[in-house]
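Structural overview
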Amino acid sequence: MKLLKIGISGIRGIVGETIVPELVMDFACAFGTYLDLKKVLVGRDTRISGPMLHEATLSALVSTGCNVFDLGICPTPIIQYMVKHLKAKGAVSITAGHNDLKWNALTFINQDGTYLNMFQGEEVLDIYHLGKFTKVSVDHLGQIESIDDYLDFYFKKLKKFLNTESIKKARFKVVIDPCNGAGAKIIDVFSQQLGFELIPVNNEPNGYFPHDPEPRPRNAQEVASVMKVVNADVGFLLNSDVSRVSLVAENGETLSEEFTLPLIANYYLDRNQGTVVTNHSSSRMIEEVARGKNCPVVKVKVGQSYSIQSLINEDGVLAGEGSGGIAIPEFQSVFDGFLTMGLILEIMAVRKKKVSELIVELPRYHIVKEKIYCPPTKIHSVVNEAKKLYADRDIDSADGIKIEDKDGWIHVRTSATEPMIRVIAEDRSKEKARERVEEVLNFISVLVK
Amino acid sequence: MRKATSLRISVSGVRGVVGESLTPQLASKFAQAFGTYLGSGNVIVGQDSRKSGTMVRKAVLSGLLSLGCKPVEIGICPIPSIQVLTKQSKAIGAIAVTASHNPKEWNGLKFINKEGLFLNYHQVDEFLDIYHQGEFSLVEVDKYKTPEFKENPTEPHMKKLMSYFNVSLIGQKRFKVAIDCTNGAGAVLAPRYLEELGCEPVLLNCVPDGSFAHHPEPLPENIAGLCRIVVEKGADVGFVQDADADRLAVVNEKGEPLGEELTLALASKYILSQNPGPVVINLSTSRAIDDIAEEFNVPVIRTKIGEINVVEQILSQEEKPAIGGEGNGGVILQDIHPCRDSFTAMGLILEYMAKSGKTISELQESIPRYHMIKEKIQGTQEKAYRIIRQLRKKYSDKGEVSLLDGLKISFKDYWVHIRPSNTEPIIRLIIEAKSRDTAEMMIEFWRKEMSEIVKWK
């Protein structure tokens, strides 16, 4: 079976298999029809397949009569910011985030700069399935305007939001690895704006990913070794569209991406108390941090769209996922890697602490994440079958299976992007977390054969 | 009555109406079929100046990229220049986004092989099979190529023109030439070309923005503006190109349009006077060419309609033809490139003027005079077929019948040609007679003959 995921916020698949010009055009036509002749932004990450999807998207959007602002290669959070700045009705971001080069995707963004919500997404899907796209005659075709001087608008707002004075004074030395993705070169502007010394690695927007563009410890060795040589204060890894961040501490420890959210919560919730949104697979660290600040936590299904919808509905102050995506509505309600890096630098500057010292302040849990292949046709029944393991326990079925107890939890769910079952467990003890995961994997491995 | 379809797929490529039949999906699938047919490599992508050019071009780029082809973008470029460039570069083919002389609602794709020639019937068949089967050679990401942009794509064409013509002879005359590019692709080359030939160009509709100040077919009724400019500015000659600059019509120094049939007649007369050889023309081309050929004692070979048919015939002749073309203003000179080329036509006519020392109206006098009337009648292929079948029976013993393309019947003092268009959902009715009266009488007569068979509304 070929891999294609069609969701409310867009489509994702393997280029040449499911991601072909016609499908991209059909979806872009559906989105253009939904936008009803209004202005739309288009941007992409650096993937080699990017131009194919980009040209198809532009052609389709103008055929529906939408005028397009073409941002070229652009990180998703900046596209999301520019939607509001240019008062457009929506945007398409062409990126497969943390997936490897074989993948690409279209993500649809609404006029508020957030991923389409359920209602909007389902409307676009209905138009797609109906196949009746708006077709305008030659005099009404959309026009394409290339926009290239947009970074100033975004960074001006970011500088204002952050305590830029303190960051500048601290004169940090920072290693950033944008993985040759959409953040490449733009991090140069970012460092100038915040006044830190940047030591970049993989900073060419050429679309060749030296490692999977997923910010997590196993991809962090290069950053860690460069940091040692230059004696840097912190290291950051970005995914291909700068929506997720993981950290490397000044002592060379490659930190789990799970730390990014609690680190920020531990600082930001002091300033702005309110509801925190996270997903069922994220570390318990965030719950303990929030509880300590008297902030309620709401847990939702995995995926930026669900987190942000809940953030808006609950009028929350912070949303984030264990995978390193952070949104702060006071700045903008989107997972924003520049905001995340900026806030970490602000925390270090204002509290005058090293990253390793900030980590020590957090409750320490150990998280183990595994995934196992499962044919897409069986995936839901296998997850359902796994409930038998926990016949006597209280099962939370909001997103697969989740069992919690006082020391930790286990979460078994289907991947939103691949034909995989994800098994994630957390415990105060590393061994126990591993045991929780092994128990499920042993049970499932027989079923998926 | 079934509505005539707005999509035409034929030996001349694909044409459709934007907003109806010509969608991004369709353009991309044709590009994929073409790329699959060619195999992977560099594919040149050019366009005429139509406003829908961007939409169609981007769809083509996406389709080519999905196959691992490397698109070489050249922007707005005359069709003959694209053909010359394709032959001289290492590209495996080219796609031109153009609907030639169709109205502005239309756009389309023309497919060019690595020799710089349009696909012939057999190649089109193979290519369409791939399109209909829908199995394209999609590649994985690691075989993807990055698009390239090429500057000055008209240079190879320009060089060929400059080395062929007697530039110093033309230049001595300092001709004042009024040029109407129809806001088409010709505008990127024509003004500079005329200057290089030592002429003084007077520009009309020379911004290639697809605004089409008049209908983009160079017929007398569409070029009143040029006629006026010729008189006002005292130009020696006026030229008008169609939107993709393969066809040319001429206006004399008195501001009178010659009629597009005269373009090839003048060019042929000049070429044959210099270098006699066979002439290859299509079935609808004026008898004037036969008379001129007779004067120089060279044979005339007639082909089906469609540029590639004339070109194939030229390339397959044992004795190298001196010239070829179509009566619609398409002049083909193999020594420059075997394609219709308005720039070649301009050069020939200017060199003829320079060498003979005569004005256009004087040269026009020496061409045998015929009156041709061309009509377009709304109608499908099906209707054309019924008309042709019945009229063929009725007239088989009254004139000389040719079924090479549609139905052509030649009588002593006139001929009639009825055939479905390759590019639009219309039936063409063409009459050519020695006198205007006969032509007008006969067009009435044949229109009636046709309408009795299909009963138009």
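The rules behind the values
- Residues numbered from 1 in each chain as written.
- Chains lettered and ligands numbered in written order.
- Predicted model: local features only at pLDDT ≥ 70, side-chain atom pairs only at ≥ 80, totals over all residues.
- Heavy atoms only, no water.
- Helix = DSSP H or I, 4+ residues; strand = E, 2+ residues; numbered from the N terminus.
- Rg over C-alpha atoms; globule rule 2.2 N^0.38 Å.
- Buried < 20%, exposed > 50% of the residue type's maximum accessible area, 1.4 Å probe, protein only.
- Contact = heavy atoms within 4.5 Å.
- Core = buried A, V, L, I, M, F, W, Y, C linked by side-chain atoms within 4.5 Å.
- Axes fitted to C-alpha atoms, helices over the stretch in contact; angles between N-to-C directions.
- Parallel < 35°, antiparallel > 145°, perpendicular 65-115°, else oblique.
- Nonpolar A, V, L, I, M, F, W, Y, C, P; charged D, E, K, R; others polar.
- Salt bridge = Lys/Arg side-chain N within 4 Å of Asp/Glu carboxyl O.
- Polar contact = N/O pair within 3.5 Å; in protein donor to acceptor, adjacent residues only side chain to side chain.
- Arc of directions from axis to C-beta.
- Domains from an automatic or database assignment.
- Buried area = accessible area lost by both parts, 1.4 Å probe.
- Phe/Tyr/Trp six-rings, centres within 6.5 Å; stacked < 30°, edge-to-face > 60°.
- Pairing = 2+ DSSP bridges.
- Expected span 1.5 Å × (residues − 1).
- Right-handed = clockwise from strand over helix to strand, strands pointing away.

1. Re the overall build of chain B
- A tally of regular secondary structure across chain B gives 15 helices and 21 strands.
- Taking 23 Å as the expected radius of gyration for a compact globule of 457 residues, we find that chain B reaches 22 Å, a close match to that expectation.
- For chain B, the spread of C-alpha atoms along the principal axes amounts to about 65 × 60 × 45 Å.
- Out of the 457 residues in chain B, the part that is buried amounts to 64%.
- Sequence separation of 24 or more characterises 71% of the internal contacts of chain B that already satisfy a separation of 6 or more.

2. Re the nonpolar core
- Among the nonpolar cores identified, the biggest contains 95 residues, and Phe 31 and Leu 106 of chain A together with Phe 30, Val 60, Ile 95 and Phe 111 of chain B are the most heavily contacted of them.
- The leading source of residues in this core is helix H1 (residues 21–35) of chain A, at 10 residues.
- Formed by 73 residues, the second largest nonpolar core is a distinct cluster that contains Leu 41, Tyr 150, Phe 161 and Leu 362 of chain A.

3. Examining the packing of helix H3 (residues 76–85) of chain A against helix H5 (residues 151–161) of chain A
Residues and elements named next belong to chain A.
- At their nearest, the axes of H3 and H5 sit 10 Å apart, and the two run at 95 degrees to each other. On the basis of their axis angle, the class for H3 and H5 is roughly perpendicular. Residue-level contacts link Pro 77, Ile 78, Tyr 81, Met 82 and His 85 of H3 to Leu 151, Phe 153, Tyr 154 and Lys 157 of H5.
- When the residues that make up the contact of H3 with H5 are grouped by side-chain class, the tally is seven nonpolar, one polar and one charged.

4. A closer look at the packing of helix H3 (residues 79–88) of chain B against helix H5 (residues 155–164) of chain B
Residue and element names in this part refer to chain B.
- Interaxial distance between H3 and H5 falls to 7 Å at its minimum, and their mutual angle equals 100 degrees. The pairing of H3 with H5 is recorded here as roughly perpendicular in orientation. Note on element contacts: H5 touches H3 through Pro 156, His 157 and Lys 160, opposite Pro 80, Ser 81, Val 84, Leu 85 and Gln 88.

5. Considering the interface of chain B and chain A
- Taken together, the 29 residues of chain B in the interface contact 29 residues of chain A.
- Between the two partners, chain B and chain A, sit two salt bridges.
- Residue Asp 139 of chain A is joined to Lys 104 of chain B by a salt bridge in which the shortest nitrogen-to-oxygen separation is 2.8 Å.
- Counting every contact that joins chain B to chain A gives six residue pairs in polar contact (both at pLDDT 80 or more).

6. With respect to helix H7 (residues 186–194) of chain A
Residues and elements named next belong to chain A.
- Buried within H7 are the following residues: Ile 186, Ile 187, Phe 190, Ser 191, Gln 193 and Leu 194. In a view along the axis of H7, the buried residues occupy a sector of 160 degrees, so they form one face of it.
- Gly 195 lies just past H7 and shows a positive phi near 65 degrees.

7. Focus: the domain arrangement of chain A
Residues and elements named next belong to chain A.
- Per the domain assignment, the segments making up chain A are domain 1 (4–148), domain 2 (152–360) and domain 3 (366–444).
- Relative placement of domain 2 and domain 3: their C-alpha centres are 27 Å apart.
- The partner domain 3 presents 17 residues to the 13 residues of domain 2 that form the contact.
- For the pair domain 2 and domain 3, the summed buried surface comes to about 1,200 Å²; carbon and sulfur atoms form 37% of the total.
- When residues of domain 2 are sorted by the area they lose upon contact with domain 3, His 280, Ser 281 and Arg 284 head the list and together hold 51% of the total.

8. Concerning the packing of aromatic side chains
- Under the definition given, this model contains 27 aromatic pairs over all chains.
- Relative to Trp 446 of chain B, the ring of Phe 445 of chain B lies with its centre 5.5 Å away and its plane at 90 degrees, an arrangement referred to as edge-to-face.
- Its relative accessible area of 34% is what places Phe 445 of chain B among the partly exposed residues.
- Trp 446 of chain B sits in the buried class, given a relative accessible area of 0%.
- Members of the aromatic cluster, joined through ring pairs, are Tyr 81, Tyr 154, Phe 155, Phe 161, Phe 190, Phe 196, Phe 331 and Phe 338 of chain A.

9. Some remarks on the sheet that holds strand E17 (residues 401–404) of chain A
Residue and element names in this part refer to chain A.
- Pairing is antiparallel across the open sheet formed by four strands, whose spatial order is E16-E19-E18-E17. A strand with exactly one partner marks an edge of an open sheet, and here the two such strands are strand E16 (366–373) and E17. If you compare each strand with its neighbour and ignore which way they point, the axes differ by 10 degrees on average.
- Here four bridges tie E17 to strand E18 (residues 408–414), and the two strands are oriented antiparallel to one another.

10. Topic: helix H2 (residues 50–63) of chain A
- An ideal rise of 1.5 Å per residue puts 20 Å on 14 residues; H2 of chain A measures up with 20 Å between its terminal C-alpha atoms.
- The element H2 of chain A is largely enclosed, with a buried count of 14 among its 14 residues.

11. Quick look at unusual backbone geometry
- Of note in the backbone geometry, Asn 231 of chain A takes a positive phi value of approximately 60 degrees without being a glycine.
- Position of Asn 231 of chain A among the secondary structure elements: in the loop between helix H8 (221–230) and strand E10 (234–238).
- Given the relative accessible area of 62%, Asn 231 of chain A is considered exposed.
- Its identity as a non-glycine residue notwithstanding, Asn 183 of chain B has a phi of 50 degrees, on the positive side.

12. Thoughts on the pairing of strand E9 (residues 200–204) of chain B
Residues and elements named next belong to chain B.
- As defined by bridge partners, strand E8 (residues 176–180) adjoins E9 across five bridges and the pair is classed as parallel. Within the sheet, the bridge partner assigned to Asp 180 lies in E9 and is Leu 204.
- In the classification by handedness, the crossover that spans E8, the intervening helix H7 (residues 190–196) and the parallel E9 is right-handed.

13. Thoughts on the environment of Ile 314 of chain B
Residues and elements named next belong to chain B.
- Along the chain, Ile 314 turns up in helix H11 (residues 307–316).
- Ile 314 gets classed as buried once you look at its relative accessible area, which sits at 3%.
- Residues Ile 314 and Ile 301 lie 13 residues apart in sequence; the distance between their C-alpha atoms is 9.1 Å.
- Excluding its chain neighbours within four sequence positions, the residues that come into contact with Ile 314 are Val 280, Pro 321, Gly 324, Ile 332 and Gln 334.

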